[in-house]
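Below, each chain spelled out in residue letters.
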Amino acid sequence: MATVVSNLLPEVDTFLEKSLQRPLVGGKEAEASDGSTFETHDPGSGDILATVPNFTAKDVDAAVAAAQKAFDKSGWATMAPNERGVLLHRLADAVEKRIPIIGQIEALDAGKLEPHAQGDVANFVATIRYFAEMAQHIARRNALAVKGHEAWTMRHPWGPCGFIFPWNFPFLLIGWGISPALAAGNSVVIKPAEDTPLSAIYLSHLAKEVGIPDGVINVVTGTGEKTGAAVSQHKGFKRMGFTGSPEVGRMVGEACGKNLIPVKLELGGKGAAVVFEDVDVCDTAAKLVGAITFHSGQVCCDATRWLVHKNVYNDFVSECSKLIKQVNVGYQMDGTTQMGPVVNEKQRKRVLSYLEKGVKEGAKMIVQGGPAEVSGKTGHYVKPALMEGTLENVAAKEEIFGPVAYLAKFDSEDQAIAMVNSTDYGLANSVWSTDLNRCSRVAEQMRAGNSWINAHNLFPHGVPYGGIGKSGLGGGVNSPETLFDYWRSVSCVRPL
Ligand code: NAD
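Residues numbered from 1 in each chain as written. Predicted model: local features only at pLDDT ≥ 70, side-chain atom pairs only at ≥ 80, totals over all residues. Heavy atoms only, no water.

K.L.:
Looking at this model, I keep getting lost on the sheet that holds strand β9 (residues 217–219). Mind explaining?
P.N.:
Strand pairing in a sheet takes place through backbone hydrogen bonds and is either antiparallel or parallel in direction. Spatial ordering of the open sheet is given by β9-β8-β7-β10-β11-β21, a layout of six strands whose pairing is mixed. Two strands bound the open sheet, and with one partner strand each, they are β9 and β21 (472–473). Relative to strand β11 (residues 263–266), strand β10 (residues 239–243) is paired through four bridges, and the arrangement is parallel. In the strand pairing of β11, Gly241 is matched with Lys264. Packed on one face of the sheet, helix α6 (residues 170–183) meets β7 (160–164), β8 (187–191), β9 and β10 and runs near 165° to β8. (Pairing = 2+ DSSP bridges. Helix = DSSP H or I, 4+ residues; strand = E, 2+ residues; numbered from the N terminus. Contact = heavy atoms within 4.5 Å. Axes fitted to C-alpha atoms, helices over the stretch in contact; angles between N-to-C directions.)

Okay, structure coming up:
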């Protein structure tokens, strides 16, 4: 490790000291068969954090074979749900005990504020427990009332499931993805993003430590074009889960389509917040500014289009401008920082280019945004920005994935709904009003997987979360339905 951060936990220091971070495949530390590696960096300082294997297609073959072997032979797929539950709770306990350690690794690797990273790890724990519990209480065999026949259905796990994850919530999203698959008795192969592979590697070691059979959880690190493509094209998976951009999601979907492998795609968004004239302007502004600056706006379901009733528009804009200018941009490991870096230079340039393109197409800058300097750090920093204009503007249409909110005015409920729905994305929107009847009415008409009322970014376990259109397909995550997705159904019938 070349990073210089004071106050690292000793366990994190030890973890980062390894010259090569090897993930576990089939219960054994693995390297790329061609010896290739890549480096992962601290986005806040640019320092190298670790060197990681860049797995080849042959290595992905080995991981799928290990997952198949574990599925067929380790007893994981056939063990009683409560026994599997015990092992999954053990994994949850082990992760929970190490929230500060994994949180620090994640904060360094993803550029997250440490408390936020710890929150992600705690969410992982809650997700595993949620599905481990639920799986124990679902009948796997169901009798069917069919005239003249004895008939029933039986639920079986599918086999090895592949998962490809992005860099914005690396550990939390692994939890959302693999927990239902594991609880249902499947084995998994995880491909973390190349920007943030460390927490997945750490997890693969913990899984072995707590006694999850070898090969049930495998991690293949590498770049998207090499390792990611090999995972998405592999014919040995029985299901695939992809979380990331619509562009790559389309490629993964195509590859799975070719192989007739069912796939879940959790993709990007261009969410709206509809702010009516009866809100507490200061409170709503504080919450939306909090949402757009949380993890530097690198949140798929963020409210990036703020649609505000004309009667409170000016007050709302001036409150938001005041708040956004006060946000302290800094190094993620510094306790006074409110907004850290974006994940890499490519992402920083992407954010800056949208500011430029938006203005070129006629948007007005309310709060300038642009590059940010953080003293003593050469990381990837931007200032949060507020823009306004028509919704035809490129900055209002495309996912920027940075701390940029785009404001527009409306004067009727119908107009607001039409504005929300004028996008190809369909992930999450919110409506803000003290009139709860109006909130419900609008929430039900906003075209997306998720509508939130007087809040943005709500993920209680049990509420399905997923997207439609350019935001995804295949059923979403985090609800009882998700668990059922990881069982295949077989019907058995005989004439009486
Ligand atoms: P990305 O699509 O660039 O990468 C995601 C993953 O795909 C990475 O692991 C990457 O290595 C891999 N990949 C890249 N090229 C590949 C290829 N050719 N074949 C197979 N895999 C490949 O996305 P990102 O930049 O890491 O993440 C940001 C995107 O993710 C945004 O669009 C965001 O909205 C979306 N996202 C969606 C959700 C959700 O729940 N809907 C959650 C988080 C992020």
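K.L.:
Can you help me understand the side chain of Arg84 in this one?
P.N.:
Assignment of secondary structure puts Arg84 in helix α3 (residues 81–97). Nearest to the buried, unbridged Arg84 among oppositely charged side chains is Glu83, at 8.3 Å. Beyond its immediate chain neighbours, meaning those up to four positions away, Arg84 contacts Trp76, Ala77, Thr78, Met79, Arg140, Leu182, Ala183, Ala184 and Gly185. (Buried < 20%, exposed > 50% of the residue type's maximum accessible area, 1.4 Å probe, protein only. Lys, Arg positive; Asp, Glu negative; His and termini not counted. Salt bridge = Lys/Arg side-chain N within 4 Å of Asp/Glu carboxyl O.)

K.L.:
Explain the packing of aromatic side chains to me, please; I cannot follow it from the model alone.
P.N.:
The way to describe two aromatic rings as a pair is by their centre distance and the angle between their planes. Within the structure shown, the criterion is met by 14 aromatic pairs. Each ring, one from Phe124 and one from Phe171, has its centre 4.3 Å from the other, and the planes form 25°; the classification is stacked. One end of the pair, Phe124, is in helix α5 (residues 114–136); the other, Phe171, is in helix α6, with 47 residues separating them in the sequence. Like Phe171, Phe124 is buried. Ring plane angle 80° and centroid distance 5.3 Å describe the contact between Phe276 and Phe410, whose orientation is recorded as edge-to-face. With Phe276 in the loop between β12 (271–275) and α10 (281–293) and Phe410 in strand β18 (residues 404–410), this residue pair connects regions lying 134 residues apart in the sequence. (Phe/Tyr/Trp six-rings, centres within 6.5 Å; stacked < 30°, edge-to-face > 60°.)

K.L.:
Mind showing me how you'd approach the confidence of the model for the protein chain here?
P.N.:
Note: predicted coordinates in regions of low pLDDT should not be interpreted at a detailed level. Residues of the protein chain with pLDDT of at least 70 account for 99%, and the chain-wide mean is 97. Predicted confidence in the protein chain is weakest over helix α1 (residues 10–17), with a mean pLDDT of 95, and strongest over β8, with 99. (pLDDT = per-residue confidence, 0-100.)

K.L.:
Quick question: what am I supposed to make of the site of the ligand here?
P.N.:
Within the structure, the ligand sits among 28 residues, and Phe165, Glu194, Ser245, Leu267 and Glu399 are positioned closest to it. Note that an oxygen atom of the ligand is positioned 2.8 Å from one of the side-chain N or O atoms of Lys191. Leu267 has a polar backbone atom sitting 2.7 Å from a nitrogen atom of the ligand. If the ligand stood free it would expose 850 Å²; the protein chains cover 89% of that surface. Listed by contribution, the elements that provide at least two residues to the shell around the ligand are α8 (224–232), β10 and α9 (246–259). Within the shell around the ligand, the residues separate by chemical class into 17 nonpolar, seven polar and four charged. (Near = heavy atom within 4 Å. Polar contact = N/O pair within 3.5 Å; in protein donor to acceptor, adjacent residues only side chain to side chain. Areas by Shrake-Rupley, 256 points an atom, 1.4 Å probe, with all protein chains shown as cover. Nonpolar A, V, L, I, M, F, W, Y, C, P; charged D, E, K, R; others polar.)

K.L.:
I keep staring at the sheet that holds strand β13 (residues 303–309) and nothing clicks. Help me out?
P.N.:
Taken in spatial order, the seven strands of this open sheet run β14-β17-β18-β13-β12-β19-β20, and their pairing is mixed. Since the sheet does not close on itself, it has two edges, and those belong to β14 (364–367) and β20 (450–453), each with one partner. Strand after strand, the sheet turns through a mean of 25° between neighbouring axes, direction not considered. Across five bridges, β13 lies against β18 in parallel orientation. When the sheet's bridge partners are listed, Leu307 is paired in β18 with Ala408. The strands touched by helix α15 (residues 436–445) within the sheet are β19 (428–432) and β20, with β20 carrying the most contacts at an inclination of about 170°.

K.L.:
Mind showing me how you'd approach helix α12 (residues 345–360) here?
P.N.:
Because each turn of an α-helix spans 3.6 residues, side chains separated by three or four positions in sequence point in the same direction. Between the first and last C-alpha of α12 there are 22 Å, a value that for 16 residues agrees with the 22 Å anticipated at 1.5 Å per step. Along α12, the residues classified as buried are Gln347, Arg348, Val351, Leu352, Tyr354, Leu355 and Gly358. Take α12 and look down its axis: the buried residues cluster within an arc of 145°, on one side only. Relative to its buried face, α12 has exposed residues pointing more than 90 degrees away, namely Lys346, Lys349, Glu356 and Lys360. Lining the buried residues of α12 we find β14, β15 (370–371), β16 (382–383), β17 (385–388), α13 (394–397) and β18. Sitting at the head of α12, Asn344 places a side-chain oxygen 3.3 Å from the backbone nitrogen of Lys346. (Expected span 1.5 Å × (residues − 1). Arc of directions from axis to C-beta.)

K.L.:
It is not clear to me how the nonpolar core should be interpreted in this structure. Could you clarify?
P.N.:
General note: in soluble globular proteins, nonpolar side chains tend to be found buried as a group. Of all hydrophobic cores here, the largest spans 102 residues; its most connected members are Leu91, Val95, Ile212, Trp306 and Phe316. Excluding its chain neighbours within four sequence positions, the residues that come into contact with Val95 are Ile102, Val121, Phe124, Val125, Phe171, Leu203 and Leu206. Residues Val274, Val382, Ile400 and Val442 belong to the second largest nonpolar core, which totals 32 residues. (Core = buried A, V, L, I, M, F, W, Y, C linked by side-chain atoms within 4.5 Å.)

K.L.:
Help me understand unusual backbone geometry, please; the structure alone is not making it clear to me.
P.N.:
Glycine aside, residues mostly have negative phi, and peptide bonds are mostly found in the trans state. Positive phi, normally seen in glycine, also occurs at His295, with a value near 45°. Within the chain, Phe401 stands out as a residue other than glycine whose phi angle is a positive 65°. Considering the arrangement of structural elements, one finds Phe401 in the loop between α13 and β18. Judged by its relative accessible area of 14%, Phe401 is buried.

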